[in-house]
Amino acid sequence: VVGTRDQQLNLSHYDSFRADLIKALNESVALEPKTGLETLAKLLGIQEVKKPVLGDHPDFKHLRMTGGFDYHYIVSMFIDVKGSTNFHKKYTLEQIAVIIQTIVTAATHTCALFGGHIQRLQYDGVFCYFGGKSVSKDDAVKSAINAATFFSYFIKYELKEIFELEGIDNVYTRIGIDFGDDKDVQWVIFGTEQCTELTTNSLHTSLAPKVQSNAVANGVMIG
């Protein structure tokens, strides 16, 4: 996003999201976005708003039948709330639940909007992949950076203002992104019987959360 804040895309198109979020904070209820992402998609020329889906990456599901390994590039992204453990010193469990739910919802839907695949949720952390068999490496990297940019903008400006109205402050996220090339990323199923995960075995899979931990508040660090 280039230019001054006033010149940048104004994400206050999330007006309905804002109203629902304030209601959720007041009533301590879970939140689901309604029209905000559809508006953003139209502004960006994105034709389809996909809902986030958790689980096996569709391009590697064949490993469930064939077993073995597959080697293919992927862009890994890890989004995490900074200092969330300290929330317990300031907020009630109900407030924390709404904070985490709001951020995780925004993260998963924004990643899905830009073509990301949600691999797993780790309480306040979201791990996702960008890329696949029919996506070029350049496009995957651009999509990951775009998703991180818009999400960080929303957290830094839009969500900050809403939280502050409700007496909640110092809520920050950090994002780490790393690219692993074809020869460096192994797709494999770990676990046994009904307890398995189709995921990647790669240094770059591990580096995404590592570099995230070194990002500044509401920042993005690229490996």
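Below, the structure is looked at part by part. (Residues numbered from 1 in each chain as written. Predicted model: local features only at pLDDT ≥ 70, side-chain atom pairs only at ≥ 80, totals over all residues. Heavy atoms only, no water.)

### Comments concerning the pattern of salt bridges
According to the stated counting rule, one finds eight salt bridges in the structure shown. Notably, a salt bridge pairs Asp181 with Lys137, separated by 2.7 Å at the nearest N-O pair. Here Lys137 lies in helix α5 (residues 137–165) and Asp181 lies in the loop between β5 (172–180) and β6 (186–192), a separation of 44 residues in the sequence. In this structure, the salt-bridge partner of Lys160 is Glu164, at a minimum N-O distance of 2.7 Å. Placement of both Lys160 and Glu164 in helix α5 is noted, with a separation of four residues, approximately one turn of the helix. Members of the salt-bridge network, linked through shared partners, are Lys137, Asp181 and Asp182. (Salt bridge = Lys/Arg side-chain N within 4 Å of Asp/Glu carboxyl O. Helix = DSSP H or I, 4+ residues; strand = E, 2+ residues; numbered from the N terminus.)

### Brief notes about the pairing of β6
Looking along a regular strand, one sees side chains alternate from face to face of the sheet. As defined by bridge partners, strand β1 (residues 70–71) adjoins β6 across two bridges and the pair is classed as antiparallel. Bridge pairing in β6 links Tyr71 to Gln186. Note: β6 against strand β7 (residues 195–201), seven bridges, orientation antiparallel. Bridge pairing links Trp187 to Thr200 in β7. Hairpin connection of β6 to β7: two residues between the antiparallel strands, including Glu193 at a positive phi of 50°. (Pairing = 2+ DSSP bridges.)

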